[in-house]
Protein chains: 2
Amino acid sequence: MKKFVNNVDNMLTESLSGFEKAHSDLVLLHLEPNYLTRKTKAENKVAVISGGGAGHEPLHAGFIGKGMLDAACPGQVFTSPTPDQMMAAAEAVDTGKGVLFIAKNYAGDVMNFEMAGEILSIKNATVLTSDDCAVINSTFTDGRRGVAGTVIVEKCVGSYAEAGADLATCKVLGDKINAQTASIGVAFTSCTVPAAGKPTFKISETEIEMGVGIHGEPGRKRETMREADAIIKDIVDAILTDLADKAKSAEVLLLVNGLGATPLMELYLIYNIAEKLLQEQGITIIRSLVGNYTTAIDMSGASITVCILDDEIKKHWDSPVHTAALRWGV
Amino acid sequence: MKKFVNNVDNMLTESLSGFEKAHSDLVLLHLEPNYLTRKTKAENKVAVISGGGAGHEPLHAGFIGKGMLDAACPGQVFTSPTPDQMMAAAEAVDTGKGVLFIAKNYAGDVMNFEMAGEILSIKNATVLTSDDCAVINSTFTDGRRGVAGTVIVEKCVGSYAEAGADLATCKVLGDKINAQTASIGVAFTSCTVPAAGKPTFKISETEIEMGVGIHGEPGRKRETMREADAIIKDIVDAILTDLADKAKSAEVLLLVNGLGATPLMELYLIYNIAEKLLQEQGITIIRSLVGNYTTAIDMSGASITVCILDDEIKKHWDSPVHTAALRWGV
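Predicted model, so just to flag it, every value in this text is computed and none were measured.

**Let's talk about the overall build of chain A**
Here's step 1: Each helix and strand in chain A was counted, giving 8 helices and 14 strands.
Here's step 2: Relative to a compact globule of 330 residues, whose C-alpha radius of gyration would be 20 Å, chain A shows 19 Å and is just as compact.
Here's step 3: Overall, chain A is about 50 × 50 × 35 Å in size when its C-alpha atoms are taken along their principal axes.
Here's step 4: Taken over 330 residues, chain A has a buried fraction of 65%.
Here's step 5: The contacts in chain A between residues at least 6 apart in sequence include a share of 72% that link residues at least 24 apart.
Here's step 6: About 11,300 Å² of surface is accessible on chain A, with carbon and sulfur atoms providing 51% of the total.
Here's step 7: In chain A, 30 side chains carry a positive charge and 41 a negative one; their mean positions are 2 Å apart.

So this is what it looks like as structure tokens:
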């Protein structure tokens with residue numbers, strides 16, 4: 001394993017320190033318990049907090065800032081943050097309007113966010129994302145996994161909270177977006193968890209893992225490597241099967257997400273294929289995002305996410321955002 | 001080789017088509033000869049055009065848009081664009097104020113940009129970037145190579161052109177920035193050129209290539225893998241040796257650039273180390289950029305760039321920019 005690391009045990013805090021320094025206009029890092037907040041605390045709004053294991057950067061800390069998250073709680077690599085992190089973050093960013101947690105649907109995260117929510121004296125609610133339609137039940141979770149669609153939920157709910165929506169209304173929007181968003185990923189290589197020091201799974205030069213999870217969880221099946229057109233067609237077909245009637249003549253946001261080690265040149269080639277396939281089905285892409293937004297450390301591979309838009313979601317997607325990883329309108 | 005590709009020969013145009021579709025608000029793709037322009041042609045300003053071999057995305061097409069480039073000319077992977085591309089692009093975006101070409105210092109690029117400039121009836125000038133202080137003379141070029149510092153030149157010169165500076169003045173700024181910018185990269189793995197289908201060079205699990213070029217060119221030497229602190233110290237020391245007196249008590253922009261397959265978590269860890277080392281030398285980082293901006297396809301590794309700032313460069317770095325890969329102020 002060759003990585004930029006001094007000591008695996010300190011890797012997360014050293015990286016978080018670098019993140020804070022590189023974005024000192026945007027974020028503050030708090031240690032023990034670990035959480036990050038906006039540099040300037042927002043006023044008079046629902047506080048939106050996300051979190052999850054590290055290794056998916058820029059998710060979630062990269063989305064802290066005006067128009068998106070108020071705070072993020074990073075766990076160790078591929079490990080849920082603990083309730084004390086969420087509680088400390090909530091106490092730091094609550095403005096009296098309550099806290100909305102956004103967590104990806106993994107057993108550890110669900111348990112720890114739930115526990116924090118129960119102990120917390122601040123009113124709170126949780127949106128669980130579960131956009132990965134590759135498999136139901138998998139390593140680490142019951143039910144569908146939360147993957148790159150989480151970015152869309154965080155962006156739009158963050159916008160709604162910024163605009164003054166109350167806690168219940170923010171949760172309704174988050175749940176709605178999650179219900180009309182579907183993703184599938186494919187891996188060419190495994191990721192390597194630094195503490196493990198070796199690839200999570202073995203895969204040969206002629207195989208791909210279709211439907212892989214962002215922690216290297218098994219997907220639908222191990223398939224034979226083939227041309228991009230065929231791989232992307234299978235992914236888009238599966239997504240449209242999942243979205244079913246909701247996708248009919250829909251206007252959508254298409255997110256092509258790199259899992260860490262796939263070049264932008266290939267991600268745009270994927271976009272080109274997916275766009276054509278969606279168009280052939282009468283679906284119109286009116287918003288897009290291409291890049292590494294929900295990664296699996298150093299995995300070579302990509303995921304596709306389709307989110308069915310309506311005027312409400314579109315408005316909140318388009319609203320100004322100023323974070324390390326997404327920025328427009330400011 | 002596992003890549004998202006249908007046919008290696010069409011890979012570039014398929015990717016460029018995807019790029020145009022994903023950023024249809026920003027860019028237009030023109031084929032045969034291949035070049036990309038802003039969607040809306042600018043008026044009454046020096047046109048800034050860059051280009052170079054593909055495989056370094058988002059460089060250069062990702063930097064087309066208001067405040068930065070007017071056009072970009074992509075060659076095939078790691079291959080210079082041809083003069084007809086630069087000429088067609090120049091004719092498309094010239095507003096009567098002339099064209100400034102920005103090219104990285106590689107023999108093929110230099111020859112082809114020079115040829116285009118000579119044949120072109122539009123007045124033009126060229127800024128050659130050569131920020132890589134790892135080696136003098138290398139595969140593909142005489143003199144220093146142009147690497148990630150090119151992004152800073154393109155951003156600031158683009159800003160100056162947008163503000164109405166004339167051709168000669170834009171060139172002076174570009175040359176000045178290049179002269180006070182130094183970069184070095186390090187590779188953990190080789191890149192794989194799609195048409196070659198195999199890694200450009202062999203490197204073992206215990207070795208690193210210090211000073212690697214963005215095409216996988218040899219660096220200063222093959223070294224033993226070691227902890228991040230030691231690797232980054234060697235890089236920062238070499239950069240400061242190169243910048244010499246210019247770096248004394250300087251205010252700088254620190255760019256930590258991923259070469260394609262290195263996770264953001266590690267890039268921020270690198271930033272943390274480099275920031276501390278620079279601070280210890282009395283250097284103040286007042287601007288920063290962390291991410292994949294000048295890549296070497298799928299190479300695992302990173303580069304560090306230090307640009308000495310002054311009020312003029314700082315102003316042009318900070319000015320609004322709206323491109324696919326860099327955006328602020330709009």
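Having seen the model, we can carry on.
**Considering the interface of chain A and chain B**
Here's step 1: Between chain A and chain B, the contact holds 58 residues from the first and 58 residues from the second.
Here's step 2: In total, chain A and chain B occlude about 4,900 Å² of area from one another, counting both sides; carbon and sulfur atoms represent 62% of this.
Here's step 3: Contact with chain B buries surface across chain A, with Lys2, Phe4 and Met265 of chain A losing the most and accounting together for 22% of the total.
Here's step 4: Here Lys3 of chain A ties to Glu266 of chain B by a salt bridge, and the two come within 3.8 Å at their closest N and O atoms.
Here's step 5: Of all the secondary-structure elements, those providing two or more residues to the side of chain A that touches chain B are helix H1 (11-22), helix H6 (228-243), helix H7 (264-280), strand E11 (284-291), strand E12 (301-308) and strand E14 (327-328) of chain A.
Here's step 6: Looking at the side of chain A that touches chain B, its residues break down into 31 nonpolar, 14 polar and 13 charged.

**Description of the relation of the copies chain A and chain B**
Here's step 1: Under the fitted operation, chain A is carried onto chain B by 0.0 Å of movement along the axis and a turn of 180 degrees, and the coordinates agree to an RMSD of 0.0 Å. Taken together, the turn and the small shift mark the pair as related by a two-fold rotation axis. No C-alpha of chain A lies nearer the rotation axis than that of Ala261 of chain A, which sits 1.9 Å from it.
Here's step 2: Comparing contact sets, 100% of the residues at the interface of chain A also lie at the interface in chain B, consistent with an isologous, same-surface contact.

**Quick look at the sheet that holds strand E6 (residues 124-129) of chain B**
Residues and elements named next belong to chain B.
Here's step 1: Strand order across the open sheet formed by 6 strands is E1-E2-E4-E3-E5-E6, with mixed pairing between neighbours. Each edge of the open sheet carries a strand with a single partner, namely strand E1 (27-30) and E6. Strand after strand, the sheet turns through a mean of 20 degrees between neighbouring axes, direction not considered.
Here's step 2: As defined by bridge partners, strand E2 (residues 35-38) adjoins strand E4 (residues 71-77) across 2 bridges and the pair is classed as antiparallel. Note on E4: the bridge partner recorded for Leu36 is Ala72.
Here's step 3: Packing of helix H4 (residues 149-162) onto the sheet brings it into contact with E2, strand E3 (47-54), strand E5 (99-104) and E6, and relative to E5 it is tilted by some 175 degrees.

**Quick word on H7 of chain A**
Residues and elements named next belong to chain A.
Here's step 1: End to end, H7 covers 24 Å across 17 residues, agreeing with the expected 24 Å (1.5 Å per residue, within 8%).
Here's step 2: Of all 17 residues in H7, 14 are buried; the element is thus mostly enclosed.
Here's step 3: Positive phi appears at Gly282, one or two residues downstream of H7, with a value of about 80 degrees.

**Details of the confidence of the model for chain A**
Here's step 1: Per-residue pLDDT for chain A has a mean of 97; in total, 100% of the residues score no lower than 70.
Here's step 2: This complex was scored by the predictor with a pTM of 0.98 and an ipTM of 0.98.

**Details of the pattern of salt bridges**
Residue and element names in this part refer to chain A.
Here's step 1: Summed over all chains, the structure comprises 44 salt bridges over all chains.
Here's step 2: Residue Arg226 is joined to Asp234 by a salt bridge in which the shortest nitrogen-to-oxygen separation is 2.4 Å.
Here's step 3: Since its relative accessible area comes to 35%, Asp234 is described here as partly exposed.
Here's step 4: Taking the shortest distance from any N to any O, the salt bridge between Asp245 and Lys248 comes out at 3.0 Å.
Here's step 5: With relative accessibility at 59%, the residue Asp245 sits in the exposed group.
Here's step 6: Judged by its relative accessible area of 61%, Lys248 is exposed.
Here's step 7: What you see here is one network of salt bridges that share partners, running through Arg38, Lys45, Lys66, Asp70 and Glu162.

**Re the side chain of Asp298 of chain A**
Here's step 1: Tracing the sequence through the fold places Asp298 of chain A in the loop between E11 and E12.
Here's step 2: Asp298 of chain A sits in the buried class, given a relative accessible area of 18%.
Here's step 3: Among the polar contacts listed, one links the side chain of Asp298 of chain A to the backbone nitrogen of Thr192 of chain A, at a separation of 2.9 Å.
Here's step 4: Residues contacting Asp298 of chain A, with those up to four places away along its chain left out, are Lys3, Thr189, Ser190, Cys191, Thr192 and Ala261 of chain A together with Ala261 and Pro263 of chain B.

Here is what the cut-offs are and how they apply
- Residues numbered from 1 in each chain as written.
- Chains lettered and ligands numbered in written order.
- Predicted model: local features only at pLDDT ≥ 70, side-chain atom pairs only at ≥ 80, totals over all residues.
- Heavy atoms only, no water.
- Helix = DSSP H or I, 4+ residues; strand = E, 2+ residues; numbered from the N terminus.
- Rg over C-alpha atoms; globule rule 2.2 N^0.38 Å.
- Buried < 20%, exposed > 50% of the residue type's maximum accessible area, 1.4 Å probe, protein only.
- Contact = heavy atoms within 4.5 Å.
- Areas by Shrake-Rupley, 256 points an atom, 1.4 Å probe, with all protein chains shown as cover.
- Lys, Arg positive; Asp, Glu negative; His and termini not counted.
- Charge placed at Lys NZ, Arg CZ, Asp CG, Glu CD.
- Buried area = accessible area lost by both parts, 1.4 Å probe.
- Salt bridge = Lys/Arg side-chain N within 4 Å of Asp/Glu carboxyl O.
- Nonpolar A, V, L, I, M, F, W, Y, C, P; charged D, E, K, R; others polar.
- Least-squares fit on C-alpha atoms with pLDDT ≥ 70 in both.
- Pairing = 2+ DSSP bridges.
- Axes fitted to C-alpha atoms, helices over the stretch in contact; angles between N-to-C directions.
- Expected span 1.5 Å × (residues − 1).
- pLDDT = per-residue confidence, 0-100.
- Polar contact = N/O pair within 3.5 Å; in protein donor to acceptor, adjacent residues only side chain to side chain.

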